[in-house]
Each structure stands twice: as structure tokens, then as C-alpha cells.
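# Working through the structure, step by step
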Amino acid sequence: QCNYCNRKYDCVNESRPGVTSAILPPDRAVEYLDEVLRKEPRITVVGIAGPGDPMADAEKTIATIEGINAKYPDMLYCLSSNGLALPGHVDELAEVGATHVTVTINTLDPGVGEKVYSWVRDGKLILRGRAAAELLISRQLESVRLLAAKGITVKVNTIVVPGINDHHVAEISKTVAGLGANIHNIM
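### Section: the overall build of the chain
A tally of helices and strands in the chain yields six helices and seven strands. When its helices and strands are written in sequence order, the chain yields α-β-α-β-α-β-α-β-β-α-β-α-β. Across the 187 residues in the chain, those meeting the buried criterion constitute 36%. Across the chain, the fraction of contacts at a sequence separation of at least 24, relative to all contacts at a separation of at least 6, is 66%.

### Some words on the sheet that holds strand S7 (residues 183-186)
Taken in spatial order, the five strands make up an open sheet running S1-S2-S3-S6-S7, and their pairing is parallel. Every interior strand has two partners, whereas the edge strands, strand S1 (45-48) and S7, have only one. Across the sheet, the mean angle from the axis of one strand to that of its neighbour is 20°, orientation sign disregarded. As paired elements, strand S2 (residues 76-81) and strand S3 (residues 100-104) share four bridges and run parallel to each other. When the bridges of S3 are listed, serine 80 appears paired with threonine 102. This element, helix H5 (residues 129-149), spans S3 and strand S6 (153-158) of the sheet and lies at about 165° to S3.

### Some words on the environment of aspartate 34
Among the secondary structure elements, aspartate 34 is positioned in helix H1 (residues 26-39). Separated by 34 residues in sequence, aspartate 34 and isoleucine 68 place their C-alpha atoms 9.5 Å apart. If we skip the residues at most four places from it in the chain, aspartate 34 touches Lys71 and Tyr72.

### Quick word on the pairing of S2
Judged from the four bridges that link them, S1 and S2 form a sheet pairing that is parallel. Bridge pairing links glycine 47 to cysteine 78 in S2. This β-α-β element, S2 to helix H3 (residues 90-96) to S3, shows right-handed connectivity.

### As for the pairing of S6
One face of the sheet, then the other: side chains in a regular strand alternate in exactly this way. Sheet analysis places S3 next to S6, joined by five bridges and oriented parallel. Its bridge partner lying in S6, valine 103 is registered against valine 156. In this structure, S6 lies alongside S7, joined through four bridges in parallel fashion. When the bridges of S7 are listed, threonine 158 appears paired with isoleucine 186. Between the parallel elements S6 and S7, the chain passes through helix H6 (residues 169-179) in a crossover that is right-handed.

What counts, and at which threshold
Residues numbered from 1 in each chain as written. Predicted model: local features only at pLDDT ≥ 70, side-chain atom pairs only at ≥ 80, totals over all residues. Heavy atoms only, no water. Helix = DSSP H or I, 4+ residues; strand = E, 2+ residues; numbered from the N terminus. Buried < 20%, exposed > 50% of the residue type's maximum accessible area, 1.4 Å probe, protein only. Contact = heavy atoms within 4.5 Å. Pairing = 2+ DSSP bridges. Axes fitted to C-alpha atoms, helices over the stretch in contact; angles between N-to-C directions. Right-handed = clockwise from strand over helix to strand, strands pointing away.

By themselves, these are just geometric observations and shouldn't be taken as functional.
Here it is as C-alpha cells:
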């Protein structure tokens, strides 16, 4: 849980990153894509996101990609992840045709991470403070390395929090580029 993120659902007057209108089961995601493509047939990329890490429920995420791929084999996929549960599923993602993955990495420094992240849940274990940041950062960096090794396009998002992590965004860029990231998006 990032300290800057409010995961409440949106409403008609609000739509912002990190907020969802609904969580769709795999079969409904395919139906929703059908509806969207009827309205806008030029869409070529499907985005799949959390909240948090969609690989925390990997079975449903993989089933969603498989279902869409069965009906729309030319569609590209962009999975957005916080990276926590991602390393254990990179092979599966490559097998089902994920072409692009975005990993949010806000810091490389666990001391800064303590300020950015409220807590991290790894399975049933909840970590806070430095231990939470250390685990998340290590998994994020491992994710970038593994995805790049599979030939999956990797974009890293960094949310700049003034006075917290703004002093080492260049270091994040250098590090993720060295691990094989293709794009670094700074927000």
C-alpha cells in the first residue's frame, strides 16, 4: 500500500490512476472488451492492472489474458504491476503472450521506501517499514530483469513524491535501464 494511493473506486466525477470502476472476472473482461471494441475498433492494446499486483491473483489474470487471446489473437497486452508477486509468474506471462509489462518502482532505497510504502503483503505475511521496502524493491528489480530476459517490453513507472524520492529518480533510470527496461515513465 503506497502512502500516496487511495484505492477507493471512482465515481462519475472522478477518474485517476490507481482507481478502478470495477474488478472484472476473466469471462466478464472478455465481454467488456467486446463492448469496448464495438464502440472503438481501433483499440489494439488491452491493459490489465491491480489494484496492486494483478499477479496476487495470478490464476484470474492468466485466465483473462488467455480468454482475450483466444478471441482476439492480435491484441497486445500491457500488464501493470507493483512487482511484488510478479517474479514467480514471468514464465507464464510469456507463455500466454503478454507483450508489455509496466512495473512501478518509486525508489531503490529502503529508507525512502519506508516513507513511500505503508505496508507490503507477501502471501499472508504483512511487512511494514524497512523490511517491507526491502522486499518490494528486490522483487521489482528482479521482475524487470526476468521480463527483459524473456523479451517482454518493460516500462517502469516512477511516481515522484517531492521531498521524498525526487532526489534519486536518475539513479532509478540508470538501474532499470541496466536491467533491461525499455521505457522509464516519470509521473
